[in-house]
Amino acid sequence: SISITLTKMSTPNPYHLKISSSRGTPFEKSVWLTICQIPPGSFTTYGLLASHLKSSPRAIGNALRRNPFAPGVPCHRVTASSGALGGFKGKIARRDGANTSQLKEKVTLLRKEGVRFDETGRVLGTPFSGFI
C-alpha cells in the first residue's frame, strides 16, 4: 500500500505528499512513489519496476506517461530492459524515433545525473533494483 511505501522510505522525496494527495490512481501513485527510490545517476527498467510491483512493463509505462511531477518524480530514470531509452512524456523511441525533443530531454537529464550511454544510445551499467 502507499502508506507502507511512505513509511519504509528512509529519506522521503519532497514529492511524496503531493503524490499521495494527487488524483492519480492507486497504481499510478505506487509507481510514482517507487521511482522516487532510484538515486540520481542510476536508472532502472520497466521490467524491474513491473516485477517489484507485480505488474507489467506496459502498465508501468502508462503510469509514468501520466506522471504530473516530472522530473522531480524521476520517470526519466526508467529505460527499456535492452538499455534503449523507452519512452518519455508520451513519446516512445521505437515508435517515434530517438530524436524527438522529449527523448533528447530524457538523455540530457540522465547525462546530467551521470548516466553513461554507448555509441548506439543505450544506457551503460547495471539497473537499480534495490526497491523496498
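Scroll up to find the structure.
What comes next concerns the included structure. Remember, it's a predicted structure, so these values are computed and weren't measured experimentally.

Here's the deal with helix α5 (residues 57-65)
Logical step 1: Buried within α5 we find I60, A63 and L64. Down the axis of α5, the buried set is contained in an arc of 100°. They therefore lie on one face.
Logical step 2: Buried-residue contacts for α5 involve α3 (26-35), α4 (46-53) and β2 (78-79).

Digging into unusual backbone geometry
Logical step 1: Residue A70 is joined to P71 through a cis peptide bond whose omega torsion reads 0°.
Logical step 2: Along the chain, P71 turns up in the loop between α5 and β2.
Logical step 3: A positive phi angle, near 55°, is found at K54, a position not held by glycine.
Logical step 4: Looking at the element boundaries, K54 is found in the loop between α4 and α5.
Logical step 5: Under the relative-accessibility criterion, K54 is labelled exposed at 77%.
Logical step 6: Backbone geometry places K89, a non-glycine residue, at a positive phi of 50°.
Logical step 7: Inspection of the secondary structure puts K89 in the loop between β3 (87-88) and β4 (91-92).

The rules behind each value
- In this convention, every chain numbers its residues from 1, walking through the sequence in written order.
- With pLDDT at 70 or above as the cut-off, local features in this predicted model cover only qualifying residues; side-chain atom pairs require 80 or more to be listed or tallied, and sums for whole chains, interfaces and linings still use all residues.
- Side-chain numbers here rest on the full set of heavy atoms in the structure, without hydrogens or water.
- Buried residues are those whose accessible area, probed at 1.4 Å on protein chains only, stays under 20% of the maximum for their type, while exposed residues exceed 50% and partly exposed ones sit between those limits.
- Per the convention used, a helix needs a DSSP run of H or I reaching at least four residues, while a strand needs a run of E reaching at least two, with both numbered from the N terminus.
- Along the arc lie the directions from the helix axis toward the C-beta atoms.
- Two residues form a contact once any of their heavy atoms are found within 4.5 Å.

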